[in-house]
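Structure at a glance
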Amino acid sequence: MDICLWGLGGHIVLPEDPGYNQARQDYNRAIQQYPLIINYCRNKEDVAKAVNWARRYRIPLRIRSGGHNYEGYSNGSSTLVVDVSEMNSVSLDEERGLLTLEGGVTNRQVYEFVSARGYPFPGGTCPTVGVSGYVTGGGWGLSCRYLGLGCDSLEEIELVNGEGRLIKASRRRNAELFWACRGAGGGNFGVIVSMVFRLPPKTDNVTLIEIDYLHATAAGQEIFLATWQQWLKDADPRITLIARIYNSANDGLAMLVRGVFYGEADEAKVLMEPFTRLEGAECSFQYVPFLEAVTIIGSNYPDSEKFQSVSRFVVRSFNQREITELVKLIGSPPPGSLFAGLSMYALGGKVREIGTDQTAFFYRQADYIIWLETIWEENRFAGVNRSWINRRFPALASVTTGSYVNFPYSRLANYLEEYYGDHAALLKEIKKEYDPCNIFTFPQGLKSRGPKQAKAAVLTGSETEEAKKKPADDRAYRRFRYVKNHADSGRQDFLK
Ligand SMILES: Cc1cc2nc3c(=O)[nH]c(=O)nc-3n(C[C@H](O)[C@H](O)[C@H](O)COP(=O)(O)OP(=O)(O)OC[C@H]3O[C@@H](n4cnc5c(N)ncnc54)[C@H](O)[C@@H]3O)c2cc1C
């Protein structure tokens, strides 16, 4: 092992390693980044070593679990990526009603574990999303109107902080940190190595709702949007839906609804009548085990995509003119787009019952999240697809408020205010208290210091001794320059 890697544990992937080009990829392949080192940690000790190492050598650090951040913020060129995806043990204490997950557990892993014991879980739709990334941003899922956001079931988290120390946060201990980690997004305060959730009540079957409307028209999409917002006003909290209007290379103009109802299919059909009577509706209501429902939903996701998107919160009904303008947003997709869509994620129900200030998730009172997206395949269309989103953003922003931190957009001007609303000021204070040396950074992260100060991180006594023993800096930086060159050639490979 090269001297510059001294102090790291776990499994290390370097640019010259055969697995590097795969290991550096995240879900959104439109973003290509070239980390210096990818460190797959196997336990808390490895994570602590990685944090200490990054601080000692003053190397920017990123935290990665499922690698699904839309803007690639769990990764970065010239960084140490602390990857916790191999830390995925799950355990259950049924007597106390508690579920403990290690920091790298995915939605699929938790669903499979809990449903084998008769429980649902308020996780997300994509099976390979990491629970720690999902839950720290709030965590919208197809159970949220019934069970709350993912973060609402959290009881305790354990993190490795910027000093490489383990700390716990709950309502009783480090309560501000616990508050912040329920809605302020991952990557800001430390590396979550485990999470304890309160179990929801046992559930046998749920009704999986799937409705498709192919060969639609813009007028049909307008009616669909009007139906959606009317339906949501007094929707049964046992149902959570995602609704989408889209324009795709395969289907042309179309719409779909997907949802989970905690009740039987006959009742779901009655509750969904406003949607089932719309022209062209092809409906399926299946009363199936919870695991089957989330597996069917999850099977819609490919292993990776190239996309750009932006999210907003909707806090009021749109008038007819606004609906027409929203439908127009996807009327003419950019060149190379295979899919351009506007998706709506229902909030309300249990999400709204919790007070706005009880967790860092600010937009508790919103009706739904709206999300504009375009997907392409060929790299040459990346620029035109990105500017397509950017050009549409002002129109979308003019009728909506704030953005969902789990669906980030790198071009937001005041991103802290957009993601956290009135909670931004308090979050900045909590960042200063729990990460004063700004060890945990990424482009849209909370910052406790300017970049210059962050580089001058102070070493603790024992680390200074260690550092003195090793002529690490010089060799480390030489190696990193080499890494950068290597990365450049990697980029050319990718663009071929
Ligand atoms: C296909 C797809 C479907 C999705 N569906 C949903 C959905 O239904 N509902 C929803 O709410 N969101 C959804 N998301 C968004 C997703 O929840 C967020 O992107 C989430 O942050 C991803 O977590 P991750 O661990 O997979 O990603 P990563 O990219 O690994 O991490 C995301 C962020 O969390 C930080 N982070 C990761 N692990 C840790 C840790 N252990 N400790 C501290 N910080 C950490 C990272 O640094 C980064 O800032 C979806 C995303 C995709 C790509």
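Each chain carries its own residue numbering, running from 1 in the written order of its sequence. Two thresholds apply to this predicted model, a pLDDT of at least 70 for residue-level local features and 80 or more for giving and counting side-chain atom pairs, whereas whole-chain, interface and lining totals are computed over all residues.

1. Notes on the sheet that holds strand S4 (residues 80–83)
The condition is simple: Following DSSP output, two strands are said to pair if at least two bridges run between them. To qualify as a helix, a DSSP run of H or I must reach at least 4 residues; to qualify as a strand, a run of E must reach at least 2; elements of each kind are numbered from the N terminus. To define axes, lines are fitted to C-alpha atoms, for helices over the stretch in contact only, and angles between the resulting N-to-C directions are given on a 0 to 180 degree scale.
Pairing in this open sheet of four strands is mixed, and the strands run S1-S2-S4-S3 from one edge to the other. This sheet does not close on itself; its edge strands, each paired only once, are strand S1 (11–13) and strand S3 (61–64). Averaged over all pairs of adjacent strands, the angle between strand axes in this sheet comes to 20 degrees, irrespective of strand direction. In terms of strand pairing, strand S2 (residues 37–40) meets S4 through four bridges, oriented parallel.

2. Quick word on the packing of helix H3 (residues 107–115) against helix H10 (residues 290–298)
So the rule is basically this: Each angle is binned into one of four classes, with values under 35 degrees roughly parallel, values over 145 roughly antiparallel, values of 65 to 115 roughly perpendicular, and all other values oblique. Crossing handedness is defined as follows: a turn of the near helix away from the far one that is anticlockwise and smaller than a right angle gives a left-handed crossing, while the clockwise case is right-handed. Any residue pair is listed as a contact if its two C-beta atoms, each placed from the backbone, are within 7 Å.
It is at 9 Å that the axes of H3 and H10 come closest, and there the two elements cross at 160 degrees. Considering the angle they form, H3 stands roughly antiparallel to H10. The interaxial crossing formed by H3 with H10 has left-handed handedness. Note on element contacts: H10 touches H3 through Phe 290, Leu 291, Val 294 and Gly 298, opposite Arg 108, Tyr 111, Glu 112 and Ser 115.

3. A few points about the site of the ligand
The line we're drawing: Using the backbone to place each C-beta atom, any residue with that atom within 6 Å of a molecule or strand is considered near it. When residue character is reported, Ala, Val, Leu, Ile, Met, Phe, Trp, Tyr, Cys and Pro are called nonpolar, Asp, Glu, Lys and Arg charged, and the others, Gly included, polar. Domain start and stop points were drawn from an automatic or database domain assignment.
Near the ligand there are 35 residues, and of these Gly 66, Gly 130, Gly 133, Gly 186 and Gly 187 occur at the shortest range. Of all the secondary structure elements, the ones that give two or more residues to the shell around the ligand are S3, helix H4 (131–136) and strand S9 (191–198). Among the elements that take part in the shell around the ligand, H4 stands out by supplying four residues, more than any other. Residues of the shell around the ligand, tallied by class, amount to 13 nonpolar, 20 polar and two charged. For the shell around the ligand, the domains that each give at least three residues are domain 1 (3–84 + 459–495) and domain 2 (90–198).

4. Some details on the nonpolar core
Applied cut-off: For our purposes the nonpolar core covers buried Ala, Val, Leu, Ile, Met, Phe, Trp, Tyr and Cys residues that link as a set through C-beta atoms within 7 Å. Here a residue counts as buried when 20 or more other C-beta atoms sit within 10 Å of its C-beta, as exposed when there are 12 or fewer, and as partly exposed otherwise, the C-beta atoms being derived from the backbone.
In terms of nonpolar packing, the biggest core is built from 133 residues, with Val 47, Val 82, Val 191 and Tyr 368 touching the most fellow members. For this core, the element with the most residues is strand S12 (residues 252–261), which contributes seven residues. One finds Ala 30, Ile 31, Phe 307 and Ile 375 within the second-largest nonpolar core, a separate group that totals five residues.

5. Some points on the sheet that holds strand S6 (residues 98–102)
Across the sheet, which stays open at both edges, the five strands sit in the order S5-S6-S9-S7-S8 with antiparallel pairing between neighbours. Two strands in the sheet have a free side with no partner beyond their single neighbour: strand S5 (90–93) and strand S8 (166–170). Neighbour to neighbour, the strand axes of the sheet diverge by 15 degrees on average, direction disregarded. Relative to S9, strand S7 (residues 154–160) runs antiparallel, the two sharing six bridges. If you follow Glu 158 over to S9, its bridge partner there is Ser 194.

6. Things to note about the confidence of the model for the protein chain
Rule in force here: The predictor attaches a confidence to each residue, and that confidence, scored 0 to 100, is pLDDT.
Mean pLDDT over the protein chain stands at 91; residues scoring 70 or higher make up 90%. For the stretch residues 452–496, pLDDT sits under 50, and the model shows 47 contacts to residues farther than four places along the chain or on other chains.

7. What about the environment of Glu 418?
Inspection of the secondary structure puts Glu 418 in helix H14 (residues 415–420). Linking Glu 418 and Arg 312, residues 106 residues apart in sequence, is a C-alpha distance of 8.8 Å. Not counting the four nearest positions on each side in its chain, Glu 418 is found in contact with Gly 402, Ser 403 and Leu 412.

8. Digging into the packing of helix H7 (residues 218–233) against helix H11 (residues 320–329)
With their axes 9 Å apart at the nearest point, H7 and H11 run at an angle of 125 degrees to one another. By the angle between their directions, the pair H7 and H11 is classed as oblique. The handedness of the crossing between H7 and H11 is right-handed. Packed against H7, whose contacting residues are Ala 218, Gln 221, Glu 222, Leu 225 and Ala 226, the element H11 presents Ile 323, Thr 324, Leu 326 and Val 327 at the interface. Its residues assigned to classes, the contact of H7 with H11 shows six nonpolar, two polar and one charged.

9. Things to note about unusual backbone geometry
Within the chain, Arg 58 stands out as a residue other than glycine whose phi angle is a positive 55 degrees. Despite not being glycine, His 215 shows a phi value in the positive range, around 50 degrees. Residue placement: His 215 occurs in the loop between strand S10 (205–213) and H7.

10. Some details on the pairing of strand S11 (residues 239–248)
Of all ten residues making up S11, nine are buried, and the element is well covered by its neighbours. When S11 meets S12, the two strands line up antiparallel, connected through ten bridges. When the sheet's bridge partners are listed, Ile 242 is paired in S12 with Arg 258. Where S11 lies against strand S15 (residues 337–346), seven bridges are found, and the strand directions are antiparallel. Its bridge partner lying in S15, Ser 248 is registered against Phe 339.

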